[in-house]
Structure formats: structure tokens, C-alpha cells
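Architecture at a glance
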Amino acid sequence: GAVVSQHPSRVICKSGTSVKIECRSLDFQATTMFWYRQFPKQSLMLMATSNEGSKATYEQGVEKDKFLINHASLTLSTLTVTSAHPEDSSFYICSAEDGNEQFFGPGTRLTVL
Amino acid sequence: GDSVTQMEGPVTLSEEAFLTINCTYTATGYPSLFWYVQYPGEGLQLLLKATKADDKGSNKGFEATYRKETTSFHLEKGSVQVSDSAVYFCALHSGGYQKVTFGIGTKLQVIP
């Protein structure tokens, strides 16, 4: 099946700094990518839908200025957590769709101290 | 909107026991159904899927059948192993660049 990678897999940062997470579709082009967030012992919740070349669509309650999404090419979407705080600590997972199915990345664990 | 209801865990079983994790869904149209597994500290892995009614997905001894009449996709395994200990998510995808909707996840603990 198709492969989606994420980088970094883990990141620890100080409060107030910004962190960028990359999501790449390695062997297919994805016009649409999705960003999910998973709190401890909870399910995955969609944060935003990222379309190549256009602005992302954010779910209700997700701050667009806090979680900046850029989908500059058909194989790369980035999520930047700006001015991170401890409550932003979470597991962030992206997925990429090939038109039929979504393929999930391995996730990035963010810890904000 | 779409939703997935799955039994809350944790489910604790002895090795070689029979496993069932219930999952029901509501959706418009004809979604594809999935089971994902998440091992401790790792991301999601697709376990199995079914794209239409009466399809049976299977992988690694796990099975689930897409039951349109009962809107269910229960996960079963005849004989669990300690290595099956993980969190299992039932999910649906309505297609067409829509989001995947996940159930809450069921933690399975298999003890020797």
C-alpha cells in the first residue's frame, strides 16, 4: 500500500517556541491531506483538511492561527504549532488520500515543557 | 453526521481466548469500514478493511464482516496472543476526500 511519512517522530520543546511537523506521501500524489490529534487514551479527532494550493479547512474549535497548515506540493503538508504551550502536548497524525483511501502517517509525539 | 460506536475497554483476556470487539456505525451512503491497531507508543496501522456490504476483511487471524442490515463491523479473533495487546480503533470513511471517523478505541490486554 501507499506510504505516508511524518517528521519528526518525537519532539520536545520549550513553552513559547514553534514546532513544525512534516507529512509526506512517498509514492503517490495527494491533493488532500488531513491532520488529526490524539489526546492520551482518547480517539483521533480531525483538526483540519489540507488541500494543495489552497487554504486549509479547520474543524470547529481549532485555532487556525495556532495551528498553521501549509500544503505547498502534492506530496508535502506541514503543520506548525505556534507559540506552543504544555496543553498542546499531544500525538499528531496526518493522513493522505489518493482519491479512494486514506493512508496514515506514523504520528508525531509533541511534548511541550 | 457519521459516527462510530465501539465498546469501551479495557478488555482483558487470557492467551488463546476468543476475542470480539463490537463496532456499530451510522453514516449516509455506503462507507468503507476499517479496523486500525495502535501499539504502545506507535502510530496507526491498518489491520483490515471492507468496502461493501457482506465483505469480510481479514488479516493476522483477525476478521470483521460488513453487516449493512445491523450497521456493524465487529472484530473477532479465534485465539489471541500477548502480542495482540494494543488499542483497536473502528473507523469509517464515506469517501470523496471526506475525513475518517473513528470510534473511541478499545484497549486489549492479553495476559499469559
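Look a little higher up for the structure.
Residues numbered from 1 in each chain as written. Chains lettered and ligands numbered in written order. Predicted model: local features only at pLDDT ≥ 70, side-chain atom pairs only at ≥ 80, totals over all residues. Heavy atoms only, no water.

**Let's talk about the overall build of chain A**
Counted only if it meets this: Put simply, DSSP marks the helices as runs of H or I at least four residues long and the strands as runs of E at least two long, and each gets a number from the N terminus on. Radius of gyration here is computed from C-alpha atoms only, and the compact-globule reference equals 2.2 Å multiplied by the residue count raised to the power 0.38. Each residue is placed in one exposure class: buried if its accessible area under a 1.4 Å probe, protein chains only, is under 20% of its type's maximum, exposed if it is over 50%, and partly exposed if it falls in between.
Per the secondary structure count, chain A includes zero helices and eleven strands. Along chain A, helices (α) and strands (β) appear in the sequence β-β-β-β-β-β-β-β-β-β-β when read from the amino end. In summary, chain A has a C-alpha radius of gyration of 13 Å against a globular reference of 13 Å for 113 residues, a match within 12%. Dimensions of chain A along its principal axes, counting C-alpha atoms only, are 40 × 25 × 20 Å. Here chain A holds 113 residues, and 50% of them are scored as buried.

**Comments concerning the environment of Leu75 of chain B**
All names here are of chain B. Test applied: Whether two residues are in contact is decided by their heavy atoms: any pair within 4.5 Å suffices.
Along the chain, Leu75 turns up in strand β9 (residues 75-77). Taking relative accessible area as the criterion, Leu75 reaches 0% and is therefore assigned buried. Between the C-alpha atom of Leu75 and that of Lys49, which follows or precedes it by 26 residues, the distance is 11 Å. Setting aside chain neighbours within four positions, we find Leu75 in contact with Leu19, Thr20, Ile21, Trp35, Leu47, Leu48, Phe62, Glu63, Ala64 and Tyr88.

**Some thoughts on the sheet that holds strand β3 (residues 19-25) of chain A**
Residues and elements named next belong to chain A. Put simply, the rule is: Note on pairing: DSSP must find at least two bridges between two strands before they are called paired. Helix axes use the C-alpha atoms of the stretch in contact, all axes being lines fitted to C-alpha atoms, and the angles between their N-to-C directions lie in the range 0 to 180 degrees.
As summarised here, the arrangement of the four strands in space is β1-β3-β8-β7, forming an open sheet in which the pairing is antiparallel. A single partner strand is all that each edge strand has here, and the edge strands are β1 (4-7) and β7 (67-73). The sheet shows a mean angle of 15° between the axes of neighbouring strands, taken without regard to direction. In this sheet, strand β8 (residues 76-81) lies alongside β7 in antiparallel orientation, the contact comprising five bridges.

**Some remarks on the state of the cysteines**
Residues and elements named next belong to chain A. Our working definition: The term disulfide is used for any two cysteine sulfur atoms that are within 2.5 Å.
For the structure shown, the criterion picks out two disulfides over all chains. Paired by a disulfide, Cys23 and Cys94 hold their sulfur atoms 2.0 Å apart. Of note, the bridge from Cys23 to Cys94 carries an S-S torsion of about 80° and is right-handed in sense. Residue Cys23 is located in strand β3, and its partner Cys94 is located in strand β9 (residues 90-97); the two are separated by 71 residues in the primary sequence. Both residues of the pair, Cys23 and Cys94, count as buried.

Any functional reading would require information that these geometric values do not contain.
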